[in-house]
Amino acid sequence: MKEKYRRSFFCICINLNFADIIDMTPYKVKIGNVFIGKDCPVAVQSMANTCTADVKATAAQVIELAEAGSELVRFTVKDEDDAQAVPYIRDAVRGAGCAVPLIGDFHYNGHQLLTKYPACIEALDKLRINPGNVGTGSRHDDNFKTMIDLAVKHDKAVRIGVNGGSIDKELYAGLLEKNRQSKAPVSDREVFLHTLVESALSSAKAAVNYGLSPERLVISAKISSVPDLLKVYRELGERSPYALHLGLTEAGVGMKGVISSAIAMGILLDEGIGNTIRVSLTPKPGESRTQEVYAAQEILQSLGKRQFLPQVVSCPGCGRTSSQLFQSIALEVGDYLRLQAPVWKRAGFKGYESLKIAVMGCIVNGPGEGKGANLGLSLPGRGEEAKALLFIDGERGETLSGDDIAAQFISIIDGYVKSHYSGV
Ligand code: SF4
């Protein structure tokens, strides 16, 4: 983490004497066939929105999300029907040749479901436990311990996932009281944010005390406000050696959700905070769930943290270009690459992710960007002959013309990938 953020802003007035006893060596965590944490690339994850008891629909969406690039997929396990469906979902997913780790999301009754249905926990790779939703008083501790004991017994990873919408109320009340009696009390909002951090860290400490290996433990403390998320995760980044799952919860619909998530996660990831991410978008009716996977990939790729698919450089267009043709080609090429990248990956192609493509509106910047790309296309400007200049590795190629310039260019991209990245 950057030095300028190394500070404990919460701990000035509220000290639970926890941070000073943790060994801060980061842990590497195994979840199914995926490793996260220390030295591992930041992983993309997503969550299904089907009814889990609908085995066919849930398995299909898990596979769709995995094929889109989600490296971990979660689904809720809310009742007995869901718990009984989990082994069948795993069978269907694995039967389709999909090895993505499966995560069960438990609230309120996880201790009961996991005790009654051992096949459910056996079929999962990780449990998500929300310490704000495991009961109150002694039942809180008993229920939490039951789930951790089962995770240890079945050798499963656990994410302790705190959420601002379901905070541990007893812990919050206790910290509010402690703050009131403090010589320098802070605002209730700061205590609230501090409660998120303490809930995650104290639950992690309890889980480790119950026998869970820190190498099977992930924590998160999500909230829906960007400035609050920055505060919470900077504190976690400073105080937690555990792998961190990062996400802006309830990010919202469309552009608002994508931009808020990108700002929040972009800042934190750039500071070295976060080992897995999820973009929690509200889908538009009928919209594919894969949008949240693509958004997460774009965040990581834009930051230079990961490469998932070729980058398309395209200008915004202006009055110099016939924008409809230019826009449709840029869009078509981008959509093609998004769908084709998983196909290349499955076929064993290597290195295609670093391919750079330029689709430019006219000759003002077209040749310059085109020459800087592996494959560049400079489209005809307004009033110019319908011919597009092609650039291959900085050199002028053939000139494309006709009504199907996009199809010709895509065919050239395909050929370039096969000849450069198939390893044949
Ligand atoms: S490359 Fe041409 S069309 Fe694109 S923004 Fe620049 S001047 Fe406009």
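Report on the accompanying structure. (Residues numbered from 1 in each chain as written. Predicted model: local features only at pLDDT ≥ 70, side-chain atom pairs only at ≥ 80, totals over all residues.)

### Concerning the overall build of the chain
- Tallying secondary structure elements over the chain gives 13 helices and 17 strands in all.
- Scaling as 2.2 N^0.38, a compact globule of 424 residues should have a C-alpha radius of gyration of about 22 Å, and the chain matches this with 24 Å.
- Along the longest, intermediate and shortest principal axes, the C-alpha atoms of the chain span 75 × 55 × 40 Å.
- Intrachain contacts of the chain at a sequence separation of at least 6 include 68% that bridge at least 24 residues. (Helix = DSSP H or I, 4+ residues; strand = E, 2+ residues; numbered from the N terminus. Rg over C-alpha atoms; globule rule 2.2 N^0.38 Å. Contact = placed C-beta atoms within 7 Å.)

### Comments concerning the sheet that holds strand β15 (residues 375-378)
- With mixed pairing, the five strands of this open sheet are ordered in space as β13-β14-β15-β16-β17. With partners counted over all chains shown, the strands left at the sheet margins are β13 (311-314) and β17 (395-401), one partner each. Here the strands of the sheet are splayed against their neighbours by 20° on average, with no regard to which way each runs.
- Pairing geometry for strand β14 (residues 356-360) and β15, over four bridges, is parallel. Directly across from Met 360, in β15, lies its bridge partner Ser 378.
- Where helix α13 (residues 405-421) meets the sheet, its contacts fall on β14, β15, β16 (387-392) and β17, and the angle it forms with β15 comes to roughly 165°. (Pairing = 2+ DSSP bridges. Axes fitted to C-alpha atoms, helices over the stretch in contact; angles between N-to-C directions.)

### A closer look at the nonpolar core
- Formed by 85 residues in total, the largest nonpolar core has its most connected members in Val 158 and Ala 200.
- If one sorts the elements of this core by residue count, helix α7 (residues 188-209) sits on top with seven residues.
- The residues contacting Ala 200, other than those within four sequence positions of it, are Ile 160, Val 162, Ile 219, Ser 220, Ala 221 and Leu 236.
- Residues Ala 341, Leu 375, Leu 379 and Val 417 belong to the second largest nonpolar core, which totals 31 residues. (Core = buried A, V, L, I, M, F, W, Y, C linked by C-beta atoms within 7 Å. Buried ≥ 20, exposed ≤ 12 C-beta atoms within 10 Å, placed from the backbone.)

### Some points on the sheet that holds strand β8 (residues 217-222)
- Overall, parallel pairing links the eight strands, which are arranged β3-β4-β5-β6-β7-β8-β9-β11 in a closed barrel.
- Summarising the sheet, strand β3 (residues 43-47) and strand β4 (residues 72-76) pair through three bridges and their orientation is parallel. Paired with Gln 45 across the bridge in β4 is Leu 72.
- Running over the sheet, α7 touches β7 (157-163) and β8 and is turned about 165° from β8.
- Along the sheet, helix α10 (residues 291-302) contacts β3 and β11 (276-277); its crossing angle with β3, the most-contacted strand, is approximately 160°.

### A few points about the site of the ligand
- Around the ligand, the neighbouring residues are Cys 315, Pro 316, Gly 317, Cys 318, Arg 320, Thr 321, Met 360, Gly 361, Cys 362, Val 364, Asn 365 and Gly 366.
- Taken together, the residues of the shell around the ligand sort by class into six nonpolar, five polar and one charged. (Near = placed C-beta within 6 Å. Nonpolar A, V, L, I, M, F, W, Y, C, P; charged D, E, K, R; others polar.)

### So, helix α9 (residues 254-270)
- Between its first and last C-alpha, α9 extends 23 Å over 17 residues, near the 24 Å set by a 1.5 Å rise per residue.
- Within α9, burial applies to Gly 257, Val 258, Ser 260, Ser 261, Ala 262, Ala 264, Met 265 and Leu 268.
- Looking at the buried side of α9, the elements it contacts are α8 (226-239), β9 (243-246), β10 (252-253), β11, β12 (281-282) and α10.
- Gly 272 sits one or two positions beyond α9 and adopts a positive phi of about 85°. (Expected span 1.5 Å × (residues − 1).)

### What to know about the pairing of β13
- Side-chain alternation along β13 places Val 312 and Ser 314 on a buried face and Gln 311 and Val 313 on a face that remains uncovered.
- Pairing geometry for β13 and β14, over four bridges, is parallel. Opposite Ser 314, over in β14, you have Val 359 as the bridge partner.

### Re the environment of Leu 201
- Within the secondary structure layout, Leu 201 lies in helix α7.
- C-alpha separation for the pair Leu 201 and Glu 292, spaced 91 residues apart in sequence, amounts to 28 Å.

### As for the packing of α8 against α9
- It is at 10 Å that the axes of α8 and α9 come closest, and there the two elements cross at 25°. The orientation of α8 with respect to α9, classified from their angle, is roughly parallel. Relative to α9, α8 is oriented so that their crossing is right-handed. Between α8 and α9, the contacting residues are Val 226, Leu 229, Leu 230 and Tyr 233 on the first element and Ser 260, Ile 263, Ala 264, Ile 267 and Leu 268 on the second.
- Tallied by class, the residues present in the contact of α8 with α9 amount to eight nonpolar, one polar and no charged. (Parallel < 35°, antiparallel > 145°, perpendicular 65-115°, else oblique. Left-handed = near helix turned anticlockwise from the far one by under 90°.)

### Some remarks on helix α5 (residues 137-153)
- For α5, with 17 residues, the first-to-last C-alpha span of 25 Å sits near the 24 Å given by 1.5 Å per residue.
- Of the residues making up α5, those classed as buried are Asn 143, Phe 144, Met 147, Ile 148, Leu 150 and Ala 151. Here the buried residues of α5 occupy an arc of 160° about the axis, which is enough to place them on one side. In α5, those exposed residues whose orientation departs by more than 90 degrees from the buried face are Ser 138, Asp 142 and Lys 153.
- At the C-terminal side of α5, Asp 155 shows a positive phi close to 55°. (Arc of directions from axis to C-beta.)

### Section: the pairing of β14
- With four of five residues buried, β14 is to be regarded as a mostly interior element.
- For the segment spanning β14, helix α12 (residues 366-372) and β15, crossover handedness is right-handed. (Right-handed = clockwise from strand over helix to strand, strands pointing away.)

### Observations concerning unusual backbone geometry
- In this model, Asp 39 sits at a positive phi of 65°, which is unusual for a non-glycine residue.
- Within the fold, Asp 39 resides in the loop between β2 (34-37) and β3.
- Of the residues examined, Asp 39 has 7 C-beta atoms within 10 Å and is grouped as exposed.
- Unusually for a residue other than glycine, Asp 393 sits at a positive phi of about 50°.
- Among the structural elements, Asp 393 can be located in the loop between β16 and β17.

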